[in-house]
Amino acid sequence: MRAKPGAPVSTPLLWEELDKKFLPEQFNIRTIFERIQKLGDLFSPILYKENDMESVLDRIKLNF
């Protein structure tokens, strides 16, 4: 939650949500719980997916 009028919140988005109708203020303390109930926690796969940092570093090195 942000200390701003309307109590906006930060939330992961689906690519499909980023269209011309997208309004960041639609995600707030009043709407976030229904969103989570409907879509689940979109961030949770990040917390449990194993990452291979060596391959990530190798790809970064290739770009420099």
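Look above for the structure.
Residues numbered from 1 in each chain as written. Predicted model: local features only at pLDDT ≥ 70, side-chain atom pairs only at ≥ 80, totals over all residues. Heavy atoms only, no water.

A.B. asks: Looking at this structure, how should I read a negative patch on the surface?
C.D. replies: A cluster of acidic residues, Glu50, Asp52, Glu54 and Asp58, forms a negative patch at the surface. As for its position among the elements, aspartate 52 is in the loop between α2 (44-48) and α3 (53-62). Among the residues examined, aspartate 52 registers a relative accessible area of 47% and is labelled partly exposed. (Patch = residues over 30% accessible without salt bridge, like charges linked within 9 Å, V, L, I, M, F, W, Y side chains within 5 Å. Areas by Shrake-Rupley, 256 points an atom, 1.4 Å probe, with all protein chains shown as cover. Salt bridge = Lys/Arg side-chain N within 4 Å of Asp/Glu carboxyl O. Lys, Arg positive; Asp, Glu negative; His and termini not counted. Charge placed at Lys NZ, Arg CZ, Asp CG, Glu CD. Helix = DSSP H or I, 4+ residues; strand = E, 2+ residues; numbered from the N terminus. Buried < 20%, exposed > 50% of the residue type's maximum accessible area, 1.4 Å probe, protein only.)

A.B. asks: Please explain a nonpolar patch on the surface as it appears in this structure.
C.D. replies: Taken together, the side chains of Phe43, Ile46, Leu47 and Tyr48 present a nonpolar region at the surface, about 500 Å² in accessible area. Within the element layout of this structure, leucine 47 appears in helix α2.

A.B. asks: Explanation requested: the packing of aromatic side chains in the structure shown.
C.D. replies: Here a ring pair, both rings aromatic, is described through the centre-centre distance and the interplanar angle of the planes. With the rule as written, the count across this model stands at 1 aromatic pair. An angle of 35 degrees between the planes, with centres 6.1 Å apart, marks the rings of phenylalanine 22 and phenylalanine 27 as tilted. (Phe/Tyr/Trp six-rings, centres within 6.5 Å; stacked < 30°, edge-to-face > 60°.)

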